[in-house]
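Understanding the architecture of this molecule
Here are the chains, one letter per residue:
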Amino acid sequence: MTEVAEPATVDDVFPLERSCPFAPPPAYEKLREAGPVQRVGLPDGSEAWAITRLEEVRQMLTDPRFSSDRFNPGFPTLVKNGRPQRRRFGASLINMDPPEHGAARREVVGEFTVKRMKALQPRIQQIVDEHIDAILAGPKPADLVSALALPVPSLVICEQLGVPYADHDFFQSRSSILLNREVTQEVRVQAVEEMQDFLDKLVAAKEADPTDDLLGRQILKQREEHGDVDHDSLVSLAFLLLLAGHETTANMISLGTVALLENPDQLEIIKNDPGKTLDAVEELLRYFTIAEFATSRVATQDVEIGGQLIREGEGVLGLSYSGNRDETAFEDADKLDLERGARHHVAFGFGPHQCLGQNLARMELQIVFDTLFRRIPELKLAAPVDQLPFKHDSAIFGLYCLPVTW
Ligand code: HEM
C-alpha cells in the first residue's frame, strides 16, 4: 500500500501523516534508503535527527548519552503549539535519566512481572466477557471503541492502581486532549492541571488510608523503607500509569480488530489456533507502532550513530515505526504476517525505558482478540475502512470510533 514518494528533507516537517492506516508515511522508506540517520524538520521550525533503521534505533535507545528529559530545550517536540511544560509534581519515569530512572523503575517493576500479570488473567477475561455480553445484548451496529476497546484497559488499570472507574469519563477525556497535537497550549496545560489535581487528591486520600492496590502498596513500601512518602513522585507515577495504561492498549484493540477483519486469511490463523494469538499480537504491535515518537531523545554529549555525528543538545527521533518496517530486519516488512515471529520489534521501545506495561498490554490484547472472534465469529465492519476516524492528530495512533456489526 506504500506509495512512492520523494525523500523527506528538512522541508518535510514531522510528524508526517501515515499514508493509509496500515502504512507509515511514504517518506520513511526513502529516508531508510538514504541512510540510518537523516536530518528532518519539526513543527517549531527547528530540526532533529531521524534514526530510520532498526539496528540504529536500538543502539540509540541503549546509549546513555541520549536523554529522555522531555523538558530539555533540545528535546524534539512534535506538537503544533508550544512545548511540554514542567509538571507541578516533578518528572515521571518516562522523563528520567540514570541514575534517577533506574532507582525509580526498580520501586515499581515488581508490580508488572509476568507472574503478576498471570494472576490478573481471570479478572481480565471476566471484564472482556462482560463487555462482549453487553455488545451482544445491545443494538447493531455497535461502536467497538466505547463498548470494548476503551473500557477494558481503563477498568484494568483503574483496578490495578486503585483509581475509581466511575471517573473514567473525566480521565479518558483529559488524556485524549493532552495527547492531541493540534490543541492549543492553553487547552493542553488545562488538561494536565486537571489530571494532576485529580491524582493529587487521590494519592492524598490513599496516604490517609492505604488501600490494597499499586498506589496503596507504594505508600506502605515507602513508609517502611524511607520513613515517609514522596507524595509528588507518586502523583507523577499515577499520572503516567493511568494515561499509558489505557490509551495505548485501547488503540491497539481497535486497530488490531480492523487489521484482522481486513485480512481474513490472517484472522483464520488465530481462529483456528488460539495458541498463535500471542505471536499475532507481536506482529500487530509491529505493524501499527502506535507510539512511534515515544522513543525520542536529546543528545547530552557528541555521539556517532550510523556514521553520523550527533552533537550535544541536538534532538533525535528514534523512528520506531520506520525501524519496524526495515526490510533488513523483517522480510516483506509491509505485509501483515501473523506467523512471522516479530518479537524483535521496537513498538514497546528498547533499552532501559522499554515499556513497563508490556506484559499487561500483551495479555489484554491476547484475551480480547481470542474472546472477541470466538464469541462473535461473524463480526464485520459497519463502515468502509476509508471512512473510519483514525487518530492522525494524536501522539498515539488509533481510532476515535469503530462501528461493527455481526
Ligand atoms: C514506556 C508503548 C502499554 C506503561 C513505553 C514506551 C513505548 C510504549 C514505546 C517507551 C518510551 C521511551 O522509550 O521513552 C506502549 C504500547 C502499549 C503500551 C504500544 C500498548 C499496546 C502500556 C501499559 C502501561 C504502560 C498498559 C501501564 C500499565 C508504560 C510506562 C513506560 C512506558 C510506565 C515508561 C517506562 C520507563 O520510562 O521506564 N510504552 N505501551 N504502557 N509504558 Fe508503555
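Structure first, text after, so check above.
Let me begin by describing the structure that accompanies this report. These figures come from a predicted structure and were not determined experimentally.

At a minimum axis distance of 10 Å, the contact between helix H10 (residues 231-262) and helix H12 (residues 277-288) shows a crossing angle of 100°. The orientation of H10 relative to H12 falls into the category roughly perpendicular. Between H10, through Met-252, Leu-255, Gly-256 and Ala-259, and H12, the contact on the second element is made entirely by Leu-284, Leu-285, Tyr-287 and Phe-288. Here the residues of the contact of H10 with H12 are counted per class, giving seven nonpolar, one polar and no charged.

Taken in spatial order, the five strands of this open sheet run E1-E2-E8-E5-E3, and their pairing is mixed. Across the chains shown, the open sheet's two edge strands, defined by having one partner strand only, are strand E1 (37-41) and strand E3 (66-67). Taken strand by strand, helix H2 (residues 54-61) contacts E1, strand E2 (47-51), E3, strand E5 (296-299) and strand E8 (315-318), and its axis lies near 130° from that of E8.

A few words on the sheet that holds strand E9 (residues 380-381). Read across the sheet, three strands follow the order E4-E10-E9 without closing on themselves; strand pairing throughout is antiparallel. Each edge of the open sheet is held by one strand with a lone partner, namely strand E4 (142-143) and E9. Relative to strand E10 (residues 403-405), E4 runs antiparallel, the two sharing two bridges. Of the residues in E10, the one forming a bridge with Ala-142 is Val-404.

What follows deals with the pairing of E5. Here E5 shows no split at all, with Ser-296 and Val-298 on one side and Arg-297 and Ala-299 on the other all buried. Looking at chain direction, E3 and E5 are connected through two bridges and run antiparallel. If you follow Phe-66 over to E5, its bridge partner there is Ala-299. Judged from the three bridges that link them, E5 and E8 form a sheet pairing that is antiparallel. When the sheet's bridge partners are listed, Ser-296 is paired in E8 with Leu-317.

This part covers the site of the ligand. Near the ligand you find 25 residues, and of these Gly-245, Thr-248, Gly-349, Cys-355 and Gly-357 are the closest. At seven residues, the largest contribution of residues to the shell around the ligand is made by H10. Split into classes, the residues belonging to the shell around the ligand amount to 16 nonpolar, eight polar and one charged.

Let us now look at unusual backbone geometry. Between Pro-98 and the following residue, Pro-99, the backbone shows a cis peptide bond with an omega angle of 0°. Relative to the helices and strands, Pro-99 is located in the loop between E3 and helix H3 (100-108). Omega for the peptide link from Lys-140 to Pro-141 comes to -5°, which places this bond in the cis form. Along the polypeptide, Pro-141 turns up in the loop between helix H4 (114-137) and E4. The phi angle at Thr-289 is positive, at roughly 35°, despite the residue not being glycine. In this fold, Thr-289 is placed in the loop between H12 and E5. Given 23 C-beta atoms within 10 Å, Thr-289 falls into the buried group.

Here the focus is H4. A rise of 1.5 Å per residue sets the reference length of H4, with its 24 residues, at 34 Å; its end C-alpha atoms lie 34 Å apart and thus fit the reference within 8%. The sharpest bend along H4 measures roughly 40° and falls at Gln-121, with the proline Pro-122 sitting one to four residues further on. For H4, the complete set of buried residues consists of Met-117, Ile-124, Ile-127, Val-128, His-131 and Ile-135. As for H4, its buried residues are in contact with E4, helix H5 (144-149), helix H6 (151-161) and helix H14 (358-375).

Next up on the list: the packing of H12 against H14. In contact at an axis separation of 9 Å, H12 and H14 are set at 115° when each is read in the N-to-C sense. As the angle between them shows, H12 and H14 are arranged roughly perpendicular. As for how H12 packs across H14, the hand of that crossing is right-handed. Along its contact with H12, which presents Thr-277, Leu-278, Ala-280 and Val-281, the element H14 presents Arg-362, Leu-365, Gln-366, Phe-369 and Asp-370. Here the residues of the contact of H12 with H14 are counted per class, giving five nonpolar, two polar and two charged.

What follows deals with the nonpolar core. Counting 105 residues, the largest nonpolar core has Ile-51, Leu-161, Ala-238, Leu-242 and Val-316 as the members making the most contacts within it. A per-element tally of this core places H10 first, with 16 residues.

Scoring rules and cut-offs
- The written sequence of each chain sets the order in which its residues are numbered from 1.
- Side-chain atom pairs in this predicted model are given and counted only at pLDDT of 80 or more, local residue features only at pLDDT of at least 70, and totals for whole chains, interfaces and linings cover all residues.
- Structural elements are reduced to axes, namely lines fitted to C-alpha atoms, with helices fitted over the stretch in contact, and the angle between N-to-C directions of any two is expressed from 0 to 180 degrees.
- In this text, helices come from DSSP runs of H or I with a minimum length of four residues, and strands from runs of E with a minimum of two, each type numbered from the N-terminal end.
- Throughout, the term roughly parallel applies to angles under 35 degrees, roughly antiparallel to angles over 145, roughly perpendicular to angles from 65 to 115, and oblique to all others.
- The contact rule is simple: place each C-beta atom from the backbone, and if two of them lie within 7 Å, those residues are in contact.
- Classification convention: Asp, Glu, Lys, Arg as charged; Ala, Val, Leu, Ile, Met, Phe, Trp, Tyr, Cys, Pro as nonpolar; all other residues, Gly among them, as polar.
- Two strands are said to pair when DSSP picks up at least two bridges between them.
- Partly exposed residues are those whose C-beta has more than 12 but fewer than 20 other C-beta atoms within 10 Å; 20 or more makes a residue buried and 12 or fewer makes it exposed, with C-beta atoms placed from the backbone.
- Whether a residue is near a molecule or strand depends on its C-beta atom, placed from the backbone, lying within 6 Å of it.
- Expected span of a helix, by definition, is 1.5 Å for each gap between consecutive residues, and there is one gap fewer than residues.
- Bending is quantified residue by residue as the angle between axes fitted to the seven-residue window ending at that residue and the seven-residue window starting at it.
- Helix crossings fall into two classes, left-handed where the near helix is turned counterclockwise from the far one by less than a right angle and right-handed where it is turned clockwise.
- By definition, a nonpolar core groups buried Ala, Val, Leu, Ile, Met, Phe, Trp, Tyr and Cys residues that are joined through C-beta atoms within 7 Å.

Geometric values such as these leave the question of function open.
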